[in-house]
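Report on the structure
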Amino acid sequence: MRLRDFVGNQRLVEILRRGRLPGASLFTGPEGVGKKTLALSLAALANCKEGAKNELCGRCSSCVKEAAGHHPDIRLFQPHKNLIKIDTMRELNREVQFRPFEGRLRCFIIDQAETMTEEAANCILKTLEEPPETSRIILISSFPHRLLPTIRSRCQAFPFHPLGREEILRYLEDHLTEDHPEMRASLAEGSIAIALSLDLEETLEQRDRMLELLTSWCGQESFEALYKQCEQLPLRSELKTREGVRRYLNLLQRIGEDLYFLQVDTPERIVNQDRLDDLQKLSEGVELNWVRDFLYHVDRARWDIDHYVNPLMCFETLWLMSSRETSNVGNRHRQV
Ligand SMILES: [Zn+2]
């Protein structure tokens, strides 16, 4: 991938493509933001035969081999059955000593480096400390705290950040031809990998369920009625898992944001354009302050989820909390 086409983390990309790659580096950050892609592109850049201005030419024999995944000087190590074992790292220790076969630098990329066993990690300490002049090692990890401190301290760290919604949207519009790229981008949690793997049909179905729930809640349904609605399958079983509740909270956040955009008269920013009529009806029954509070409670519930509160309890508390706010709106007093 050309470096100029890389999405997100632009400052980091600039530093890395213009600078000299350190002997050992550690790329950290969430999954699906391009850590491995960038590592491979940098390895290709180090070996490109014609590239100018810190960019891959894409045509030379080196670039062609890298794109096809078999450049003899670029090695990618990945876990097998969730582990990188000592034998694999012994192979790295041996190969790191070779001079480049064709290019200028031999590059070794260890993906999901946190899956190295302790033995495997200990076996490359010396190599990380003093890699040969013509070799570079890049460790990649979304969970760097799981690495041995002795590994971390021997690498120069480069932190990657989640991508912005706009960045993901731009990527999707360039690479996908389908409806609802906004929906994908807004639920991607900063990761292109999540954006691409989202089951859109299922997501829209879940979104509709949340919209229905919110509509009946704002339409004076009692908590018991809401609870019954939650009891219905498949919602109930999904609400038992952290991941399930987080997904529903994300969808509720998008709906809440849409209500906010309607309230402040910027309907063009609405993500759920296909349900505009229903959103408008819902928006007429609530006030801006309620929408703000609702978004606050959704955010709060997400924080609770990440801090090990029971998922179903998080979800139910959200409704109880936002009901208290609704009771301030005109005659929306209700008993809970
Ligand atoms: Zn090239």
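Values in this document were obtained by computation on a predicted structure and should not be read as measured data.

Read across the sheet, 5 strands follow the order β2-β3-β4-β1-β5 without closing on themselves; strand pairing throughout is parallel. Single-partner strands in this sheet number two, and they are β2 (74-77) and β5 (156-159). Taking the axes of each pair of neighbouring strands and ignoring which way they run, one obtains an average angle of 20 degrees across the sheet. Pairing between strand β1 (residues 24-28) and strand β4 (residues 135-141): 5 bridges, direction parallel.

With that out of the way, let us pick up the pairing of β4. Of all 7 residues making up β4, 7 are buried, and the element is well covered by its neighbours. Burial along β4 is two-sided: Ser-135, Ile-137, Leu-139 and Ser-141 and Arg-136, Ile-138 and Ile-140, pointing in opposite directions, are all buried. When strand β3 (residues 106-110) meets β4, the two strands line up parallel, connected through 5 bridges. Opposite Ile-109, over in β4, you have Ile-138 as the bridge partner.

Here we take up the domain arrangement of the protein. The domain boundaries assigned to the protein delineate domain 1 (3-161), domain 2 (164-197) and domain 3 (199-326). Computed from C-alpha coordinates alone, the two centres of domain 1 and domain 2 are separated by 26 Å. Across the contact, 7 residues belong to domain 1 and 8 residues belong to domain 2. For the side of domain 1 that touches domain 2, a count of residues per class yields 3 nonpolar, 3 polar and 1 charged.

So, about the environment of Arg-236. Inspection of the secondary structure assignment puts Arg-236 in helix α13 (residues 235-238). Here Arg-236 falls in the partly exposed class, since 13 other C-beta atoms lie within 10 Å of it. The spacing of Arg-236 and Leu-312 is 76 residues in sequence and 8.7 Å in space, taken between C-alpha atoms. Setting aside chain neighbours within four positions, we find Arg-236 in contact with Cys-230 and Glu-231.

What counts and what doesn't
- Residues numbered from 1 in each chain as written.
- Predicted model: local features only at pLDDT ≥ 70, side-chain atom pairs only at ≥ 80, totals over all residues.
- Pairing = 2+ DSSP bridges.
- Helix = DSSP H or I, 4+ residues; strand = E, 2+ residues; numbered from the N terminus.
- Axes fitted to C-alpha atoms, helices over the stretch in contact; angles between N-to-C directions.
- Buried ≥ 20, exposed ≤ 12 C-beta atoms within 10 Å, placed from the backbone.
- Domains from an automatic or database assignment.
- Contact = placed C-beta atoms within 7 Å.
- Nonpolar A, V, L, I, M, F, W, Y, C, P; charged D, E, K, R; others polar.

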